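# A look at the structure
The primary structure of each chain is shown beneath.
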Amino acid sequence: MDRMTAATLGLRVHLGLVAATAALALTACTGATERQLTIGTLDAGAFRLVVDDRPTIVLSNATEELVRLETDGVRLGLVSELYDNVNYDAYRLYEPGAGFKLPEDPTFANPDRASFIEAGDGELALELRYPDGIVAMLVIRAPSEGSFEFTLTPTAGAERIAFAQLRAMGGASEGFYGLGEQLDEVNQRGHVRAMQLELDQAIESSNNDAHVPVPLVIGTRGWGLFVRSRLPSAFAIATDDARRVEATIGTGLASSSGLAFHLFAADHPLDVTRRYFDVTGTPKLPARWALGPLVWRDETSGQAEVEADLDSIRDLDLATTGYWIDRPYATGVNTFDFDAAKYADAGAMIAKMHALGFRTAVWHTPYLDTRDAATLALRKEAIAGGYYPPQAGIPLNHWGTLLDLTNPEAVAWWQSKLGAYRDLGIEGYKLDYGEDVVLSPTGIRIPWKFADGTDERTQHAEFPLNYHGTYAPLVPDDGGLLLCRTGSYGDQLNGTVIWPGDLDSTFAKRGEKMKDENGKEYGATGGLIASVVAALSLGPSGFAFYGADTGGYRHCPPDNELFSRWFEQTALSTTMQIGTSCNDLAWVPTAKNGFDAALLARYREYTRLHLRLFPYLWTYAERHRIDGRPIMRALGLAHPELQVHPNDIYLLGDELLVAPVVKRGKTARSVVFPAGEWLHWFTGERFGAGEHEVKAPIGRLPLFLRAGGLVPLLRPTIDTLSPTTEPARVDSYATDTGLLFARAVARTSGEFLLFDGGRIAQASQGAESTLSFEAGTELNQGAVFELLDAAKPAKLTTTGGPLVEHASPGALAAAATGWHYDAKERVLSVKVAAAAKPASEGATATIAW
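If you're wondering where the values come from, they're calculated on a predicted model, not measured in any experiment.

Another point: the sheet that holds strand 42 (residues 768-774). Taken in spatial order, the six strands of this open sheet run 40-41-42-48-44-45, and their pairing is antiparallel. In this open sheet, the two edge strands, each paired with only one partner strand, are strand 40 (750-753) and strand 45 (801-802). Where strand 44 (residues 795-798) meets strand 48 (residues 843-848), three bridges bridge the pair, whose relative direction is antiparallel. Bridged to K795 within strand 48 is A848.

I325, Y421, Y429, L572, L656, F785 and V830 are the most contacted members of the largest nonpolar core, which totals 192 residues. The element contributing the most residues to this core is helix 9 (residues 528-538), with nine residues. Discounting chain neighbours no more than four positions away, the residues touching F785 are L710, A742, I760, A761, L771, S772, F773, L828, S829, V830 and V832. V51, L66, V217 and V227 belong to the second-largest nonpolar core, a separate cluster that totals 51 residues.

What follows concerns the environment of V245. With respect to the helices and strands, V245 occurs in strand 18 (residues 244-249). Looking at V245, the relative accessible area reads 0%, which means it is buried. Distance from V245 to L225, taken between C-alpha atoms, is 8.8 Å for residues 20 residues apart in sequence. Beyond its immediate chain neighbours, meaning those up to four positions away, V245 contacts L166, R167, A168, F176, V217, W223, L225, F235, A236 and I237.

Of all five residues making up strand 16 (residues 223-227), five are buried, and the element is well covered by its neighbours. Of the two faces of strand 16, both are covered, the one formed by W223, L225 and V227 as well as the one formed by G224 and F226. Strand direction decides the pairing type here: strand 15 (residues 216-219) and strand 16, joined by four bridges, are antiparallel. Of the residues in strand 16, the one forming a bridge with G219 is W223. Linkage of strand 15 to strand 16, two consecutive antiparallel strands, is achieved through a turn of three residues, within which G222 is found at a positive phi near 105°. Taken together, the five bridges between strand 16 and strand 19 (residues 259-265) define a ladder with antiparallel strand orientation. Looking across to strand 19, one finds that G224 is bridged to F264.

A surface patch of nonpolar side chains, about 250 Å² in accessible area, is lined by I394, L396 and I446. Of note, I446 is situated in the loop between strand 23 (428-431) and helix 8 (456-471).

What follows is about helix 4 (residues 303-315). Helix length check: helix 4, at 13 residues, gives a terminal C-alpha distance of 18 Å against a target of 18 Å (1.5 Å per residue), a fit within 8%. Taken residue by residue, helix 4 has Q303, V306, E307, D309, L310, I313 and R314 as its buried positions. All buried residues of helix 4 lie within an arc of 150° about the axis, which places them on one face of the element. Every exposed residue of helix 4 that faces more than 90 degrees away from the buried side is listed here: A304 and D315. Looking at the buried side of helix 4, the elements it contacts are strand 20 (294-297), strand 21 (322-325) and helix 5 (346-355).

All right, on to the pattern of salt bridges then. Taken as a whole, this structure holds 54 salt bridges when the rule is applied. For the salt bridge of K417 with E381, the shortest nitrogen-to-oxygen distance reads 3.4 Å. With a gap of 36 residues between them, K417 in helix 7 (residues 408-424) and E381 in helix 6 (residues 376-385) connect regions that are remote in the sequence. Residue classification places K417 among the partly exposed positions, given a relative accessible area of 22%.

Basis of the calculations
- Residues numbered from 1 in each chain as written.
- Predicted model: local features only at pLDDT ≥ 70, side-chain atom pairs only at ≥ 80, totals over all residues.
- Heavy atoms only, no water.
- Pairing = 2+ DSSP bridges.
- Helix = DSSP H or I, 4+ residues; strand = E, 2+ residues; numbered from the N terminus.
- Core = buried A, V, L, I, M, F, W, Y, C linked by side-chain atoms within 4.5 Å.
- Buried < 20%, exposed > 50% of the residue type's maximum accessible area, 1.4 Å probe, protein only.
- Contact = heavy atoms within 4.5 Å.
- Patch = residues over 30% accessible without salt bridge, like charges linked within 9 Å, V, L, I, M, F, W, Y side chains within 5 Å.
- Areas by Shrake-Rupley, 256 points an atom, 1.4 Å probe, with all protein chains shown as cover.
- Salt bridge = Lys/Arg side-chain N within 4 Å of Asp/Glu carboxyl O.
- Expected span 1.5 Å × (residues − 1).
- Arc of directions from axis to C-beta.

Laid out in structure tokens, this is it:
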């Protein structure tokens, strides 16, 4: 957003207590009381930033302080000399690790003098003087509601600054969320988080699995700190002080270029991410079909197996929107073709996918296999065109040096090759690897140089944007699938869906000591619970769309129990994708996985539930672009008043509470409920606020509907969102949007505004409830309300007269309108037609209880 006038934004610079040229020593007077003078204030809507001369910076809302930077809030790590070959990795200041050593340990210095320099159009400028003649300018602006931008620029002594360090003081008991993808805890309190991949030999993956680090931390009092830098950084969250959030950035030789960071404030912590989007960009949505269910095999034998899977999915009535083909499928990696020996007619195969209502994607990477003769001609082109980095470090893959995707000519060349897949009908990519550009685990750099002049000190974080941005234009304009292992801030503009890489096919927590099938001990990357934590960490970090490999990857296969628990959970997530490294599919039982007919029936139920939730999920997807709120919301972030931060309880939107079973052998679990009443989605059991034990046999996910909420659903027979040419075999939303179903608790009040402009509502007072349906641009054929925990009504009427009672669900389905009561389940189903008059007048039904 362009800088707005002070009048427009309500910004105010208050200078009444200090002369414009005064230089105020922090210890200007002696005695028991230190002098403290206000330099100025900035208002950004309902939030105020106050700066005094010490300098202390305090961010408040109308009633309370949210966060402050005290006199040590902007520190500099000083050394006697900087070296170009040194790796100034801030994480190693906290976790040195074996073999890491700097030429000199930094000395962190606080400013001992602050001077007001100028007050421009809605900004403050301070000169900060540090020991030994180090000087920096700190400029503060308030560009938009609840957003304060800081720019720290050294003006003297930059050649001695190795690190910058920010210290924000929050609440002693508040939770801290964000910082990108994490696998162990949703609350970052007590952790040091690196903003780049780092070695961790205690984990089987040998690294910290920081595939999607985001330098944004959110406090549950309603504030956030975002460091807009791709230099190697680390956050220490309340590790040695219960209130302190400390961010350290290895600025090194880039110190003279300055450092930008932001403080955000919002009325609710869920809204802080919107402030972050104001700085980094509004997310692009993936394709609708990319929400899944999606199916894949780790390795396919060829076209015959793919086509057999497509037929099995439809013959077994398994809701599925897409099928992607993982490697190997091409002649070589990456030859931009299909191996004719295995895929005799790839075009016909993709045509069959489309006929049966599937969209498709393929696995891809930014390499050409240096050991494969099939890629020789492509490699010669790449070398002749200068498409590799001018200087490459150590490849961390099986195939060779990555392409230099900072080079526009290399990007254009690669995209021209990808056009062959687009022309075949490929609409998405699973983008694997691309994590070769890392920092050295020692104090000495292993340098990379790229065409745009950057090197590994920023490209470790920036390469994912170049990588994903290369593929983004190759998917349809209305969205495709970019399923990505990596990411960084700003990557939300590419419409990425994150998958967490290779999690364990176990119930293990991250770091838990496990034994493989040969008895060898390893530290777990993490299984089902790690996947849940990853989703809940990514959401507030700006990545709302997430899909883990349902069933896990390492140490496959998942057994019957694990696979069931995993698909119960991923059905209530933003993206449901199913596949393992052992090619475990629900309809393919083996001696090792123990799958059976009962599991297949459960799988059918949960994949269809996920697809039926499309209007609910897509509404929140569209809202996410506006309000920034994550779709999957950790309980502690959504309800900070509870003062609890479980890793395995979350809200899906506003109306659904999800508490998956993430421990082996458990058939019940404890669930913490927010204020209000909540009804079990499957049993109708009612729960009030507080902690309750809930029964959870396999096949019955602890899933709860908020009393007063309404959840829109597609019809119970839906198979896909994608178009089909075989409507008799495939029930597609693209062919017929059909009736809208709406689930709610009987005799409550609330409304839900859908993505297509439609509206469903229930208004209850005394012994009467009114149900309302206003058609949208897509879901406009009528509605069926399913009211839970309902008594049999005395009478139902519409504006046209009484509604007819039907003896069975089938009879109701066959009728244009009416109602049916299931006394055993205590569910009242009410069917109303689309309004014959303008949609704005809607259709209503009144229930007399």
